[in-house]
Amino acid sequence: MAHQTQVKTGLEQSSDLEQKAQKLRQLYADATDIAKSALENVIRALKSGAPAKEPSAPVGTAGRIGRRQGKVSELTVIAPLVPGGAKRLRAFLEILHGSIGKEMVDMVGTVHDMRFVILDNDTKLLFCTAYDLDWDPYIEDFAPCAPSCVPRAWPPPSW
């Protein structure tokens, strides 16, 4: 049996877009003036008929953890830091001159990028990474090089 796709008329598309715009305006009702202005700019661009860019691949799961689009997966973690943990992490990264990211990317072929961000008055750590394929191959690729990339006790026991 052939699968048929129903194509909406211009009037139907316009009606759908207006309904979506109204839902967005309701969501942004208590937003700042700047946010509302930005939203109206997006709505105007959509209404102008500029074709929406479709994602190159559907977004799905990266396996055990994270999301994937095409071949690239992501992992984002927010974790609490113990008192002094942020100071130690800053010093660690400063001593390495930020090269931990480059070393990891060079040593772990599946890693595209990684980032550490200290949040909330030094009480939380945001860690983000983007890597190829699924979680298991990423960890299998990462684990053997980890001892040479980071201190022996990573994360430090006091975190």
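Everything numeric here is computed off the predicted structure, so don't read it as measured data. (Residues numbered from 1 in each chain as written. Predicted model: local features only at pLDDT ≥ 70, side-chain atom pairs only at ≥ 80, totals over all residues. Heavy atoms only, no water.)

Asker: Explanation requested: the overall build of the protein chain in the structure shown.
Answerer: A count of helical and extended segments in the protein chain gives 6 helices and 5 strands. Helices and strands in the protein chain line up, N terminus first, as α-α-β-β-β-α-α-β-β-α-α. A buried classification covers 19% of the 159 residues belonging to the protein chain. In the protein chain, 55% of the contacts between residues at least 6 apart in sequence involve partners at least 24 apart. Accessible surface, the protein chain: about 11500 Å² in total, of which carbon and sulfur atoms supply 59%. (Helix = DSSP H or I, 4+ residues; strand = E, 2+ residues; numbered from the N terminus. Buried < 20%, exposed > 50% of the residue type's maximum accessible area, 1.4 Å probe, protein only. Contact = heavy atoms within 4.5 Å. Areas by Shrake-Rupley, 256 points an atom, 1.4 Å probe, with all protein chains shown as cover.)

Asker: Is there a simple way to think about the pattern of salt bridges in this case?
Answerer: Side-chain pairs of opposite charge can arise whenever the charged atoms involved come near each other. A complete count under the given rule lists 5 salt bridges for this structure. Where Glu-18 meets Lys-47, a salt bridge forms, and the shortest distance between an N and an O atom there is 2.6 Å. Here Glu-18 is found in helix α1 (residues 10–27), whereas its partner Lys-47 is found in helix α2 (residues 33–47), with 29 residues between them in sequence. The exposure class assigned to Glu-18 is partly exposed, which follows from its relative accessible area of 28%. Lys-47 sits in the partly exposed class, given a relative accessible area of 41%. (Salt bridge = Lys/Arg side-chain N within 4 Å of Asp/Glu carboxyl O.)

Asker: What is the right way to read the side chain of Ser-73 from this model?
Answerer: The residue Ser-73 is located in strand β3 (residues 72–80) in this model. Ignoring anything within four residues of it in the chain, the contact list for Ser-73 reads Ala-62, Arg-67, Arg-68, Thr-129, Ala-130, Tyr-131, Leu-133 and Asp-134.

Asker: How do you make sense of unusual backbone geometry when you look at a structure like this?
Answerer: Non-glycine residue Asp-120 carries a positive phi angle of around 45°. Since its relative accessible area comes to 47%, Asp-120 is described here as partly exposed. Backbone geometry places Asn-121, a non-glycine residue, at a positive phi of 55°. If you trace the backbone, Asn-121 turns up in the loop between β4 (111–119) and β5 (124–132).

Asker: What is the right way to read the sheet that holds β4 from this model?
Answerer: Strands belonging to one sheet form pairs held by backbone hydrogen bonds; the direction of such a pair is parallel or antiparallel. Pairing is antiparallel in the open sheet, where 5 strands are placed in the order β1-β2-β3-β5-β4. The strands lining the two open edges of the sheet, one partner per strand, are β1 (59–61) and β4. Averaged over all adjacent pairs, the angle separating strand axes in this sheet is 20°, with direction ignored. Pairing between β3 and β5: 9 bridges, direction antiparallel. Counterpart to Ser-73 in the pairing with β5 is Tyr-131. Contacts from helix α3 (residues 85–95) reach β4 and β5, with the element oriented near 140° to β4. (Pairing = 2+ DSSP bridges. Axes fitted to C-alpha atoms, helices over the stretch in contact; angles between N-to-C directions.)

Asker: Looking at this model, I keep getting lost on the confidence of the model for the protein chain. Mind explaining?
Answerer: In low-pLDDT regions, the fine details of the predicted coordinates are not to be read closely. On average, residues of the protein chain score 74 in pLDDT, and 67% of them are at 70 or above. Of the regions scoring below 50 in pLDDT, residues 147–159 engages in 20 contacts with residues more than four places distant in sequence or in other chains. (pLDDT = per-residue confidence, 0-100.)

Asker: Just to check I follow, could you spell out the environment of Ser-73 for this structure?
Answerer: Given the relative accessible area of 1%, Ser-73 is considered buried. Separated by 12 residues in sequence, Ser-73 and Thr-61 place their C-alpha atoms 8.2 Å apart.

Asker: What should I look at first to understand the packing of aromatic side chains in this one?
Answerer: Two descriptors summarise a pair of aromatic rings, namely the distance from one centre to the other and the angle between the planes of the rings. Overall, the coordinates contain 1 aromatic pair when judged by the stated rule. Ring geometry for Phe-116 against Phe-127: centres 5.2 Å apart, planes inclined by 50°, an arrangement best described as tilted. Linking Phe-116 in strand β4 with Phe-127 in strand β5, this pair joins segments that are 11 residues apart in sequence. Looking at Phe-116, the relative accessible area reads 21%, which means it is partly exposed. (Phe/Tyr/Trp six-rings, centres within 6.5 Å; stacked < 30°, edge-to-face > 60°.)

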